[in-house]
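# Topology and contacts: notes
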Amino acid sequence: MSHSTNSVTVTEAISVVTLDISTWSGGVTMKQGELGVTLPEKAFTRGRKMLVKPEALNPGLTLRRRARDRCLKVGTRFLGGYAVPKGALPDLLSDLSAMQTEFNDFVEDFVQRLTKEVDEWVDQDWCTPEMEDAIRRGVPSANTLRNRFGFDYGVFDIQPSDDEPDNLTRHAEGMGGSVFREVSQAAERIYDDFIEGSRNRDEPRVTQRLIRGSITSLRDKLSGLEFVDKRVPPIVMELDDVLSRMPEKGDITGQNLGEIVSMLVVLSDEEKMQKLGEGLLSRQQFFPLQMVGSNIPGSTPTVETDEDDSEDGDTEPGTETDSDVPVTPPAPKKRNDAGASVYVTF
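Now for a description of the structure that goes with this document. (Residues numbered from 1 in each chain as written. Predicted model: local features only at pLDDT ≥ 70, side-chain atom pairs only at ≥ 80, totals over all residues. Heavy atoms only, no water.)

Below, the discussion takes up the packing of aromatic side chains. Within this structure, the stated rule accounts for eight aromatic pairs. A connected cluster of aromatic rings, assembled from ring pairs, spans W24, F103, F106, F110, F149 and F151. (Phe/Tyr/Trp six-rings, centres within 6.5 Å; stacked < 30°, edge-to-face > 60°.)

Following this line, the structure appears as structure tokens:
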């Protein structure tokens, strides 16, 4: 069963924003034997001779990440760019323009202080005079260096091709999957941060900043893209219902916290989110009984059971049921140094 809306309707409602952002690696590609001297690992890695300390380039990398995150805040990945609702486009382009200016200012400042950066890099105990000479020989000119950086973006509208009308339809139908995937990844990070922040507290809680910032941002993204999949509007309605009951001041605790956590559990799982949108799953099934070793006051709902409804052996192991018994929220994920997710328990 297809849950996508008409591809023409979808593409009429969006523009595609593309980003073309490049940063200098901070080094020159070559083989160790071509240097005439053996450099330590910090100065020669992955076939690249480093000419400055890697941290000096962090501002450019940060701006590239901010630009991508800003596009994903209101849009979803599509055709190598980001599908953005037309109503969200003016603010997005304004922010990208500001980031572009900030990026260009960083590049010019970096070019002007390149000599200083190289001096600081070679002024270390590991750097011998021979190593210093090998490094300085690779320093590019100012114009060459400027060309290693770039921050550009574009925006365009799309329409079906007369020759391949089904091609756009196929891509448009996949847009809903991208939205669910991106929202679930963001919700999982929020959930993990909540668990981590509640480790050493007597009573778990969520701050107003998390509610009005991160969770509301997820809601706004879904709302802006609800036309890409028929399952999205019911999810937005569920989120609005939960958020409408939250106090406007103070931390979120007790029953209200249970509402937020159950919503995050659903949003952090693509399949659960889609089933919620189809009306096949209730968020209350994931109302937390216990979190981080501390009961959430008032969070345990009354569970009604009917012993006559089933007999022992009626349900095979692993078979899903329609029971409303609350499910223990999943263990949070923590990220290792390589960026992969690993489950941890408390």
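Moving on, we come to the nonpolar core. V206, I215, L222, I260 and L267 are the most contacted members of the largest nonpolar core, which totals 44 residues. Of all the elements, helix α8 (residues 175-197) adds the most residues to this core, at 10 residues. Setting aside anything within four residues of it in sequence, one finds L267 in contact with V183, S184, A187, L218, I235, L239 and M273. (Core = buried A, V, L, I, M, F, W, Y, C linked by side-chain atoms within 4.5 Å. Buried < 20%, exposed > 50% of the residue type's maximum accessible area, 1.4 Å probe, protein only. Helix = DSSP H or I, 4+ residues; strand = E, 2+ residues; numbered from the N terminus. Contact = heavy atoms within 4.5 Å.)

With that settled, consider the environment of F106. With respect to the helices and strands, the residue F106 is situated in helix α3 (residues 89-112). For the pair formed by F106 and G60, sequence separation is 46 residues and the distance between their alpha carbons is 7.1 Å. Residues in contact with F106, not counting those within four places in the same chain, are A56, L57, P59, G60, R113 and F149.

This next bit is on the packing of α8 against helix α12 (residues 270-278). It is the contact of α8 with α12, at a shortest axis distance of 9 Å, that shows an interaxial angle of 120°. Comparing their axes, α12 and α8 come out oblique. The handedness of the crossing between α8 and α12 is right-handed. In contact with G177, F180, R181, V183 and S184 of α8, α12 contributes E270, M273 and Q274. The residue inventory of the contact of α8 with α12, partitioned by class, reads three nonpolar, three polar and two charged. (Axes fitted to C-alpha atoms, helices over the stretch in contact; angles between N-to-C directions. Parallel < 35°, antiparallel > 145°, perpendicular 65-115°, else oblique. Left-handed = near helix turned anticlockwise from the far one by under 90°. Nonpolar A, V, L, I, M, F, W, Y, C, P; charged D, E, K, R; others polar.)

Okay, the sheet that holds strand β6 (residues 81-85) next. Ordered by their spatial adjacency, four strands build an open sheet running β5-β6-β1-β7, and the pairing between neighbours is antiparallel. Among the strands making up the open sheet, the edge pair consists of β5 (76-78) and β7 (150-156). Each strand of the sheet is rotated relative to its neighbour by a mean of 35°, with strand direction disregarded. With three bridges connecting them, β5 and β6 associate as antiparallel partners. Note that in β6 the partner of T76 across the bridge is A83. Its contacts with the sheet put helix α2 (residues 58-74) on β1 (14-22), β5, β6 and β7, and the angle it makes with β1 is roughly 170°. (Pairing = 2+ DSSP bridges.)

Within this structure, the stated rule accounts for 23 salt bridges. Of the charged contacts, one joins E132 and R136 as a salt bridge, the two residues approaching to 2.9 Å between their closest N and O atoms. Note that E132 and R136 are positioned in helix α5 (residues 129-136) at a spacing of four residues, about one turn of the helix. What makes E132 partly exposed here is its relative accessible area of 27%. What makes R136 partly exposed here is its relative accessible area of 34%. Where D229 meets R231, a salt bridge forms, and the shortest distance between an N and an O atom there is 3.0 Å. (Salt bridge = Lys/Arg side-chain N within 4 Å of Asp/Glu carboxyl O.)

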